[in-house]
Amino acid sequence: MKLGIVGLPNVGKSTLFNSLTKAGAESANYPFCTIDPNVGVVAVPDERLNVLTRMYNSRSTIPAVIEFVDIAGLVKGASKGEGLGNQFLSHIREVDAIVHVVRCFEDSNIIHVEGSVDPVRDIETIDLELIFADLETVDKRLAKGVKAAANNKTIAKEVEVLKKIKELLEAGKPARCFEPADEEEKALTDSFWLLTSKPVIYAANVNEDDLADDGASNQHVAAVRKIAAEQGNGVFVVCAEIEQELSELSDEDKKAFLDDMGVKSSGLEKLIVASYDLLGLMSFLTAGEKETRAWTIVKGTKAPQAAGKIHSDFERGFIRAEIVNYDNLVECGSFNAAKEKGLVRSEGKDYVMQDGDVVLFRFNV
């Protein structure tokens, strides 16, 4: 999973990126300090892996990972060349979802590029820049397609879909609002790689005082939540400064620090939950002496395709999947004990994988 972190200058975007990835992107109190995208890979915390590693005496433990891309700050007019211009476009096209950091705290010492804190305005600014960029993409494709559509049914269909999306964009709505009539239209829409087709998770960046109640008393956070609900996007509350402090602590000290603050989850944990939920993802697990590992798949994935995540031969020669629920496995203490109790199931090609399935795939190539 690849997430692009965007936001106006000085909203806490690079501070949050640094704390999530410890990658050390330059962070300063002036716009455009992050000119080139910084990339960091973060392990997805999953206590189940540690339990299985001990149970199987695994030599290695491999968690699922998220790749974060810190994308240069955007400003009003970026799509027309303002600020850093549209250097951000290609980097956003490559991500699965956008994490939009929105400033929801007041601090006279940190300059806001627009002169005041207004998350609704800031969200509109970023949204419009992405819409303008998509309009340019759509217009270019239409200019090429209209000429060739008369003699080509495939291109004619593409032009038809592009016109529908253009209407949405011109009305100020993102491309993700387009509802494809069938699989063909969906495939075409995906092939356009439009920026506003990406799902969005809003990171409401608050000060330390607003963290304990998850921003419930912060009117700026309330405004962000309202927008997220209207758009069907995700949202979580985070304090980038606290995340930076947490990134320097051990896991044990981190837990104590959060407990002292009355906070249940770190910003990274909140973001992972929000992104998995928004993208419809889950994990299945494999375990053995060699390694214990988490594999990320889309909800609804069937057993052969899940096997293919491990190796294409597993999918091609799939015979069956021997599956035990994680909780049942831990309760029994071993795979064999679970098998003796009839808790290990033999599933075929039509089995839909469930979160927390511990799997042994049988295949023959």
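Residues numbered from 1 in each chain as written. Predicted model: local features only at pLDDT ≥ 70, side-chain atom pairs only at ≥ 80, totals over all residues. Heavy atoms only, no water.

### Re the overall build of the chain
Moving on, step 1. Tallying secondary structure elements over the chain gives 14 helices and 12 strands in all.
Moving on, step 2. In terms of C-alpha radius of gyration, the chain reaches 23 Å, essentially the compact-globule figure of 21 Å for 365 residues.
Moving on, step 3. The 365 residues of the chain split such that 48% are buried.
Moving on, step 4. In the chain, once contacts between residues fewer than 6 apart in sequence are set aside, the share between residues at least 24 apart is 69%. (Helix = DSSP H or I, 4+ residues; strand = E, 2+ residues; numbered from the N terminus. Rg over C-alpha atoms; globule rule 2.2 N^0.38 Å. Buried < 20%, exposed > 50% of the residue type's maximum accessible area, 1.4 Å probe, protein only. Contact = heavy atoms within 4.5 Å.)

### Things to note about the sheet that holds strand β1 (residues 2–6)
Moving on, step 1. Pairing in this open sheet of six strands is mixed, and the strands run β2-β4-β1-β5-β6-β7 from one edge to the other. Strands with a single pairing partner mark the edges of an open sheet, and in this sheet they are β2 (38–43) and β7 (234–238). Taking the axes of each pair of neighbouring strands and ignoring which way they run, one obtains an average angle of 25° across the sheet.
Moving on, step 2. Pairing of β1 with strand β4 (residues 65–70), which is carried by four bridges, proceeds in the parallel orientation. By the bridge assignment, L3 is partnered in β4 with F68. (Pairing = 2+ DSSP bridges. Axes fitted to C-alpha atoms, helices over the stretch in contact; angles between N-to-C directions.)

### Considerations on the packing of aromatic side chains
Moving on, step 1. One pass over the structure, following the stated rule, counts four aromatic pairs.
Moving on, step 2. With 6.0 Å between their ring centres and 90° between their planes, F284 and F361 make a pair best called edge-to-face. Residue F284 is found in strand β8 (residues 281–287), and its partner F361 is found in strand β12 (residues 357–363); the two are separated by 77 residues along the sequence. Of the two residues, F284 and F361, both sit in the buried class.
Moving on, step 3. An aromatic cluster of three or more residues is present, and its members are F284, W295, F318 and F361.
Moving on, step 4. Its guanidinium or amino end placed over the ring of W295, R293 lies 4.1 Å from that ring's centre, counting from NZ or CZ. (Phe/Tyr/Trp six-rings, centres within 6.5 Å; stacked < 30°, edge-to-face > 60°. Lys NZ or Arg CZ within 6 Å of the ring centre and 35° of its normal.)

### So, the packing of helix α5 (residues 153–170) against helix α6 (residues 183–191)
Moving on, step 1. Running from amino to carboxyl end, α5 crosses α6 at an angle of 70°, the nearest separation of the two axes being 10 Å. Of the possible angle classes, the one that applies to α5 and α6 is roughly perpendicular. Along the contact surface, α5 presents K157, E158, E160, V161, K164 and I165, while α6 presents E184, E185, L188 and T189.
Moving on, step 2. The residue inventory of the contact of α5 with α6, partitioned by class, reads three nonpolar, one polar and six charged. (Parallel < 35°, antiparallel > 145°, perpendicular 65-115°, else oblique. Nonpolar A, V, L, I, M, F, W, Y, C, P; charged D, E, K, R; others polar.)

### Quick notes on unusual backbone geometry
Moving on, step 1. Residues other than glycine seldom take positive phi values, yet W193 does so here, at roughly 55°.
Moving on, step 2. Its location among the elements puts W193 in the loop between α6 and β6 (200–205).
Moving on, step 3. Backbone geometry places D214, a non-glycine residue, at a positive phi of 55°.

### So, helix α11 (residues 303–310)
Moving on, step 1. Residues A303, P304, A306 and A307 constitute the buried set of α11. Buried residues of α11 fall within an arc of 160° about the axis and therefore sit on the same side.
Moving on, step 2. Lining the buried residues of α11 we find β8, β9 (291–298), α12 (312–316), β10 (318–325) and β12. (Arc of directions from axis to C-beta.)

### Some thoughts on the nonpolar core
Moving on, step 1. Counting residues in each nonpolar core, the largest one holds 69 residues, and the members touching the most others are F68, Y202, L211 and L271.
Moving on, step 2. Those residues in contact with L211, other than ones at most four positions away along the chain, are V206, V237, V238, C239, I242, M261, V263 and K270.
Moving on, step 3. Judged by nonpolar contacts, the second largest core, of 16 residues, contains V159, V161, I165 and L188. (Core = buried A, V, L, I, M, F, W, Y, C linked by side-chain atoms within 4.5 Å.)

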